[in-house]
Amino acid sequence: MAKRLLSRRFGPPVILLCILITGCTAREGVRMPTAAAMVPAENALVLPPPGGPSVLSVVERRTSNAVEQDIYLYTSAATPGQNFLRVQFFGPVGTSSAQERTAYIPIRSSEMLREAYRAIPGAALRQTADYLQNNYGPFSYAFGRGRGNDSCLYAWQQIRPPQHRRSPLRDYGTIQIRLRYCKTGATESELLAAVYGYTILGTFADPDWNPYGEPPAVDPALGRAGNPIYRHERPLAAAGAPIQPVRLVRSAPEPTSAIRPELQQETAAPTETVVPTPTGSPQMNPPVPSGNSTIVVPTPACGAQPASEYP
């Protein structure tokens, strides 16, 4: 009826204009999701250790104060759910189009078990009471049995400088990591090796973003006379395994007036001096892979939020 009246009074051009305006109005009301996007597997912010589980796909979300990734891992277990690494990097993203902010929720062990049950439904999980550390600091986990002969693990870690070392100008930022890992016939130690072996690759371009804190001081005994460092015994190589070179460590010279040349052991393999490094320290310079696998989040553009607003 309305079209007939418009056609009699104004003619076909006006009807066509009304249809176009109506179509534009409807099209403006439809919004495509821009917060999440698929990225190549080599752009994962965290990679599992060599030997698996392998990365299948990565879903990334960027907000004004964080970059989040769900890194889906290969799963062959019968327990419902998908293995994944879930990571959050809080820092100066500098994305001008991102209006949303990611709420910072500290990781509390008292709440992690409920989160683990949601990630691994039906599994009988037990939270460990041990204090454990990997290369990036302390972590914790829950382990249990899933469906059939499955073993399941849910681990969590928060990497953040101590309160007395954080400031708006340097050593700020936070990384949160969750790992859901189920595997048929695996032991607790085998699943736990994935927590000790994963590598953090992502970083922000801001040099003051440093959630790892200051590196520990070098052992003062290194290079000092009277503190010999001895060779560590290694187990014999299995059949067919490559033979490792023999490593020799010379003890500190005796404080005598005459300096005698030291005898060198003749071996078919090269020799070198071993200087141990402190274990358990954070990796201040994470390894950078070749190609386009390095993810460097751009520095904040004009109008970006100051560092004090990041966790």
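Relevant structure appears above.
Values in this document were obtained by computation on a predicted structure and should not be read as measured data.

Calculation criteria
- Residues numbered from 1 in each chain as written.
- Predicted model: local features only at pLDDT ≥ 70, side-chain atom pairs only at ≥ 80, totals over all residues.
- Heavy atoms only, no water.
- Helix = DSSP H or I, 4+ residues; strand = E, 2+ residues; numbered from the N terminus.
- Buried < 20%, exposed > 50% of the residue type's maximum accessible area, 1.4 Å probe, protein only.
- Contact = heavy atoms within 4.5 Å.
- Areas by Shrake-Rupley, 256 points an atom, 1.4 Å probe, with all protein chains shown as cover.
- Disulfide = S-S within 2.5 Å.
- Core = buried A, V, L, I, M, F, W, Y, C linked by side-chain atoms within 4.5 Å.
- Salt bridge = Lys/Arg side-chain N within 4 Å of Asp/Glu carboxyl O.
- Arc of directions from axis to C-beta.
- Pairing = 2+ DSSP bridges.
- Phe/Tyr/Trp six-rings, centres within 6.5 Å; stacked < 30°, edge-to-face > 60°.

1. Some details on the overall build of the protein chain
Here comes step 1: If you tally the helices and strands in the protein chain, you get four helices and 13 strands.
Here comes step 2: Relative to its 311 residues, the protein chain shows a buried fraction of 33%.
Here comes step 3: Partitioning the intrachain contacts of the protein chain with sequence separation of at least 6 by distance along the chain shows that 64% fall at a separation of at least 24.
Here comes step 4: When the accessible surface of the protein chain is split by element, carbon and sulfur atoms take 56% of a total near 19,600 Å².

2. Some details on the state of the cysteines
Cysteine pairs can be linked by a disulfide, which is a covalent bond between their two sulfur atoms.
Here comes step 1: Taken as a whole and judged by the stated rule, the model has one disulfide.
Here comes step 2: Between the sulfur atoms of Cys152 and its disulfide partner Cys182 the distance amounts to 2.2 Å. What sets the handedness of the Cys152 and Cys182 disulfide is the S-S torsion sign, and at about 120 degrees it is right-handed. Taken together, the positions of Cys152 in strand β9 (residues 150–159) and Cys182 in strand β10 (residues 174–184) put the pair 30 residues apart, joining distant regions of the chain.
Here comes step 3: The exposure class of Cys152 is buried, given its relative accessible area of 0%.
Here comes step 4: The class for Cys182 is buried, based on a relative accessible area of 2%.

3. Things to note about the nonpolar core
Here comes step 1: Ranked by size, the top nonpolar core spans 35 residues in total, and within it Val46, Phe89, Leu153, Ile177, Leu179 and Ile200 carry the most contacts.
Here comes step 2: Of all the elements in the fold, those that place two or more residues in this core are β4 (66–73), β5 (84–90), β8 (137–145), β9, β10 and α4 (188–197).
Here comes step 3: Setting aside residues no more than four positions away along its own chain, Phe89 makes contact with Leu45, Val46, Asn65, Ala66, Val67, Thr174, Ile175, Ile200, Gly202, Thr203, Phe204 and Trp209.

4. With respect to the pattern of salt bridges
Here comes step 1: Under the definition given, this model contains seven salt bridges.
Here comes step 2: Measuring nitrogen to oxygen at the nearest pair gives 3.4 Å for the salt bridge that ties Arg61 to Asp70.
Here comes step 3: Where Glu115 meets Arg178, a salt bridge forms, and the shortest distance between an N and an O atom there is 2.9 Å. Taken together, the residues Glu115 in helix α3 (residues 109–119) and Arg178 in strand β10 connect sequence positions 63 residues apart.
Here comes step 4: Through salt bridges with shared partners, a single network forms among Arg61, Asp70 and Arg86.

5. Side note on α3
Here comes step 1: Taken together, the buried positions of α3 are Met112, Glu115, Ala116 and Ala119. Relative to the axis of α3, the buried residues are bounded by an arc of 105 degrees and lie together on one face. Facing away from the buried side of α3, by more than 90 degrees, are the exposed residues Ser110, Arg114 and Arg118.
Here comes step 2: On its buried face, α3 is in contact with β5, β6 (124–127), β9 and β10.

6. Here's the deal with the environment of Cys152
Here comes step 1: A C-alpha to C-alpha distance of 8.7 Å links Cys152 and Thr184, two positions 32 residues apart in sequence.
Here comes step 2: Those residues in contact with Cys152, other than ones at most four positions away along the chain, are Thr79, Ile120, Leu125, Ala142, Phe143, Gly144, Gly146, Tyr181, Cys182 and Leu191.

7. Observations concerning the pairing of strand β3 (residues 55–62)
Here comes step 1: Across four bridges, the pairing between strand β1 (residues 36–39) and β3 is antiparallel. Across the sheet, residue Met38 finds its bridge partner in β3, namely Val59.
Here comes step 2: Here β3 pairs with β4 via seven bridges, running antiparallel. Bridging across to β4, Val55 finds its partner in Leu73.
Here comes step 3: Hairpin connection, β3 to β4: the antiparallel pair is bridged by three residues.

8. Observations regarding unusual backbone geometry
Here comes step 1: Across the junction of Gly52 and Pro53, the peptide omega takes the value 0 degrees, indicating a cis bond.
Here comes step 2: By the secondary structure assignment, Pro53 is in the loop between β2 (46–47) and β3.
Here comes step 3: In this structure, Asp171 is a non-glycine residue whose phi angle is positive, near 55 degrees.
Here comes step 4: Take Asp171: it is sitting in the loop between β9 and β10.

9. Observations concerning the packing of aromatic side chains
Here comes step 1: The tally for this structure, following the rule as stated, stands at seven aromatic pairs.
Here comes step 2: Ring centres of Tyr136 and Tyr212 lie 6.1 Å apart, and the angle between their planes is 40 degrees; on these two criteria the pair is classed as tilted. Residue Tyr136 is found in the loop between β7 (132–134) and β8, and its partner Tyr212 is found in the loop between β12 (203–204) and β13 (296–297); the two are separated by 76 residues along the sequence. The same class applies to Tyr136 as to Tyr212, namely buried.
Here comes step 3: Pairing Tyr154 with Trp156 gives two aromatic rings, centres 6.3 Å apart and planes at 45 degrees, and the pair type is tilted.

10. Notes on the environment of Ala194
Here comes step 1: Tracing the backbone through its elements, the reader meets Ala194 in helix α4.
Here comes step 2: Owing to a relative accessible area of 6%, Ala194 belongs among the buried residues under this scheme.
Here comes step 3: Ala194 has contacts with Pro49, Leu179 and Tyr181, leaving out every residue within four places of it along the chain.

Coordinates in, geometry out; function isn't part of it.
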